[in-house]
Amino acid sequence: MKLLVCITKTPETTAKIAFTDGDSKFDESGVQFIMNPYDEWYALVRALELKEQHGGTVTAINVGPAANDVIIRKALAIGADDAVRIDTEALSSSQVAANIAAHAKDKGYDVIFTGKESIDYNGSEVGGMVAEHLGLPYVSYASHMDHDGSKATVSRDIEGGVEVVDVAGSFVLSASKGLAEQRIPNMRGIMMAKRKPLNVEAAAVSDSKVSVVSYTLPAAKGGVKMIDPENMDELVRLLHEEAKVI
Amino acid sequence: MSVLVLAESPKGKFKKAAYEAVHYGHKAAQSLGGECVALVIGACDDPGALGTYGASKVIHVADYAGGIDALVYASIIGQVAGQVGAKAVVVNHSSTGKSIAGRVGVKMDAGVVSQVNSVPVAEDGGITVTKPVFSGKAFAKCKIAGDKCVLSLMGNALPIEEVGSPCAVEAGSVDIPANSVTVKETKTVDGEVPLPEAELVVSAGRGMKGPENWGIIDELAKTIGATTACSRPVADTGWRPHHEHVGQTGVAIRPNLYIAAGISGAIQHLAGVNSSKCIVVINKDPEAPFFKAADYGVCADLFDVVPRLTEAFKKMKDA
Ligand SMILES: Cc1cc2nc3c(=O)[nH]c(=O)nc-3n(C[C@H](O)[C@H](O)[C@H](O)COP(=O)(O)OP(=O)(O)OC[C@H]3O[C@@H](n4cnc5c(N)ncnc54)[C@H](O)[C@@H]3O)c2cc1C
Ligand SMILES: Nc1ncnc2c1ncn2[C@@H]1O[C@H](COP(=O)(O)O)[C@@H](O)[C@H]1O
């Protein structure tokens, strides 16, 4: 099978969120970047499992600058065969998706994996956009997938449960928790990753439809009101009369 | 010009989310100029009801029964958007809406902003709108270049108001493409409000010691009609089902009330719950980080406090 996994870079989950340049830019100083957990833990690993089961290749793709090579090498260390980096700043999901689609067109990938969302901008947009550009089915929030080499049965997370769908031929899938078990790269993988091809391609699309004008932080909480554990009636009264939530 | 709103009608019925989307579409139409048109795909008992929340008319594509298929939905929405001259398309930020928004954006060559929580405004030769980013740790004001946009609306973001009366329903006339996926089965928990839609949530973590102790959490949730949730390690170890896991890598929720028992309040957990309107934390450790994010705190043993809180709620209900 020919498999493509879209990977992106996000701030580490405990990173301090702050802004510079008049609150118009994310402050990257001191922030560690990681591979988006949904891409690394679920999408990539499920792709590797399919390759182990049916044979084929797993290609990782990222739209971004050379600084992203670190996370791309990690995908290679975990087991991807080769990688592509589309050399441009990632400006928005529409620009990212257009570039991924331009690369994937006519290459005959059986499954194009994305994560369910990037944990920084939480867009959940790229997968559907890639699918529309390529005219392929889009199966989102997959928490389980069986694939026999030509068709797949996928469980999708929906509100309060799951939906099971069948899909045949090429399709785009977004991965949520449960699709696979996280794999940690071993020493051999890390050594081999250095020799695997990381092909840099020029961007096909460089204009963006959406940009961020400014950021704000949420208003600080007024401070916690501690309630006497012996007096739960008081808590209920406050929830009813003060917070008015019940 | 108009704003086209997809109103989801699972099993033929609207839920709160559909009214939210329509009311938001109504406000967006007031802001951008034009009317709010609602689109209903598939079976629906009472499409005209959407007029009450601000739709000036409803287009009903009744003869589609193929389930949620992003390719089909995007095609239908794209065709109807063309017919009614829609510059903006609104969907819920739900599993359905999120799967469709990007596709519709590509189809209409429009800017897409997901999870919006403010009414869009036309300014500086574009459209601006806000959304949470970094898992609710900040908000971004986004600018869409041009005059076409696709927005997915965050749940529970804006209050719903009744602004009109039931409106006319037109049968939609569209070409429906062949299904690209086949929905075989839908397994949802019955009788419980799904987490992303829940207004009241009772959640518990590793402080529960084991799955056999969840009775007191279920009892509390049942008493106030809340949906249950849990922290990630609890779902990972199989104490609770995966769909209950909230946080950065689980479901992001925004209920009116979030009660957390035996959860430490790690930053990744907070990321999924910190937009809740009111947070109550029950933890025996006074240093638990969750207290800093809470509105009300109870520092005590949850096995003692939770049953008594349930009793107190019962007393209030009976009074
Ligand atoms: C990349 C990444 C993503 C993550 N995503 C998520 C996520 O989406 N959601 C999530 O929840 N976590 C997530 N985590 C895990 C997170 O960091 C924490 O480990 C987790 O939230 C802790 O769960 P907990 O609070 O249930 O358990 P603990 O941290 O073990 O806390 C248990 C708490 O219970 C209290 N307690 C114990 N006994 C009692 C008692 N009898 N009465 C009252 N209180 C008691 C303790 O004082 C303690 O505060 C993520 C981690 C990483 C690295
Ligand atoms: N710059 C990028 N390069 C490659 N893939 C990306 C990029 N940004 C997002 N993706 C993929 O799209 C998914 C959803 O991202 P988003 O739409 O931003 O929430 C991610 O989990 C990745 O799989």
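This structure is a prediction, so every number in the text was calculated from the model and none was measured. (Residues numbered from 1 in each chain as written. Chains lettered and ligands numbered in written order. Predicted model: local features only at pLDDT ≥ 70, side-chain atom pairs only at ≥ 80, totals over all residues. Heavy atoms only, no water.)

A.B. asks: What is the right way to read the domain arrangement of chain B from this model?
C.D. replies: It is common to report an interface's size as the accessible area lost on association of the parts. Residue and element names in this part refer to chain B. Looking at the assigned domains, one finds that chain B contains domain 1 (2–171) and domain 2 (195–318). Here the C-alpha centroids of domain 1 and domain 2 sit 32 Å apart. At the junction of the two partners, domain 1 supplies nine residues and domain 2 supplies ten residues. Of the roughly 830 Å² buried where domain 1 meets domain 2, counting both sides, 36% is carbon and sulfur surface. By the criterion of area lost to domain 2, the three top residues of domain 1 are Ser135, Lys137 and Asn156, representing 55% of everything that side buries. One can count two salt bridges joining domain 1 with domain 2. As a salt-bridge pair, Glu199 and Lys16 come within 2.9 Å of each other at their nearest N and O atoms. At the boundary of domain 1 with domain 2, the tally comes to four residue pairs in polar contact (both at pLDDT 80 or more). Along the lines of polarity and charge, the residues of the side of domain 1 that touches domain 2 split into two nonpolar, four polar and three charged. (Domains from an automatic or database assignment. Contact = heavy atoms within 4.5 Å. Buried area = accessible area lost by both parts, 1.4 Å probe. Salt bridge = Lys/Arg side-chain N within 4 Å of Asp/Glu carboxyl O. Polar contact = N/O pair within 3.5 Å; in protein donor to acceptor, adjacent residues only side chain to side chain. Nonpolar A, V, L, I, M, F, W, Y, C, P; charged D, E, K, R; others polar.)

A.B. asks: Sorry, what's going on with the interface of chain A and chain B here?
C.D. replies: Taken together, the contact between chain A and chain B spans 72 residues of the former and 84 residues of the latter. Between chain A and chain B, a total of about 6700 Å² is buried, with carbon and sulfur atoms accounting for 59% of that surface. Counting every contact that joins chain A to chain B gives seven salt bridges. Taking the shortest distance from any N to any O, the salt bridge between Lys315 of chain B and Asp233 of chain A comes out at 2.7 Å. Taken together, the links from chain A to chain B amount to 39 residue pairs in polar contact (both at pLDDT 80 or more). Contributions of two or more residues to the side of chain A that touches chain B are made by helix H1 (37–54), helix H4 (126–134), strand E9 (138–147), strand E10 (151–158), strand E11 (161–168), strand E14 (210–216), strand E15 (225–226) and helix H6 (232–241) of chain A. By residue class, the composition of the side of chain A that touches chain B is 39 nonpolar, 17 polar and 16 charged. Strand direction decides the pairing type here: E15 of chain A and strand E16 (residues 296–299) of chain B, joined by two bridges, are parallel. Looking at E16 of chain B, one finds that Lys225 of chain A is bridged to Tyr296 of chain B. (Helix = DSSP H or I, 4+ residues; strand = E, 2+ residues; numbered from the N terminus. Pairing = 2+ DSSP bridges.)

A.B. asks: I tried to follow empty space enclosed by the protein on my own but got confused; where do I start?
C.D. replies: To find leftover empty space, a probe the size of one water molecule is rolled over the atoms. This structure, assessed with the given rule, holds five cavities of 30 Å³ or more. A volume near 60 Å³ is recorded for the largest cavity. Residue lining of the largest cavity: Tyr138, Val139, Ser140, Arg156 and Val165 of chain A together with Ile68, Asp69, Ala70, Ser99 and Val181 of chain B, and that is the complete set. The biggest single contributor to the lining of the largest cavity is E9 of chain A, with three residues. Tallied by class, residues from the lining of the largest cavity come to six nonpolar, two polar and two charged. Counted as a void, the second largest cavity has a volume near 50 Å³. Every residue along the wall of the second largest cavity is listed here: Pro11, Glu12, Thr13, Ile17, Ile119 and Asp120 of chain A together with Phe134, Ser135, Lys137 and Gln248 of chain B. Across the lining of the second largest cavity, the residue classes tally to four nonpolar, three polar and three charged. (1 Å grid on protein atoms, 1.4 Å probe; cavity = no way out; pocket = protein on both sides within 12 Å on 5 of 7 lines; lining within 4 Å. Points joined across faces, edges and corners; volume = space filled by probe spheres on them.)

A.B. asks: Honestly, the site of ligand 2 in this entry has me stumped. Any pointers?
C.D. replies: Residue and element names in this part refer to chain A. Within the structure, ligand 2 sits among 19 residues, and Cys6, Asp39, Ser118, Ser124 and Glu125 are positioned closest to it. The backbone of Ile7 places a nitrogen or oxygen atom 3.4 Å from a nitrogen atom of ligand 2. Within the contact set of ligand 2, an oxygen atom lies 2.7 Å away from a backbone nitrogen or oxygen of Glu125. In isolation ligand 2 offers 480 Å² of accessible surface; the protein chains occlude 94% of this area. Among the secondary structure elements, those contributing two or more residues to the shell around ligand 2 are strand E6 (57–63), helix H3 (93–104) and strand E8 (111–115). (Near = heavy atom within 4 Å. Areas by Shrake-Rupley, 256 points an atom, 1.4 Å probe, with all protein chains shown as cover.)

A.B. asks: Whenever I open this one, the site of ligand 1 confuses me. Can you help?
C.D. replies: Near ligand 1 lie 28 residues; those nearest to it are Ser231, Thr249, Ser264, Gln268 and His269 of chain B. One finds residues of chains A and B in close proximity to ligand 1. Asn283 of chain B has a polar side-chain atom sitting 2.8 Å from an oxygen atom of ligand 1. Within the side chain of Asp301 of chain B, one N or O atom sits 3.1 Å away from a nitrogen atom of ligand 1. Listing elements by their share of the shell around ligand 1, those giving two or more residues are helix H5 (232–236), helix H6 (267–273) and helix H7 (302–318) of chain B.

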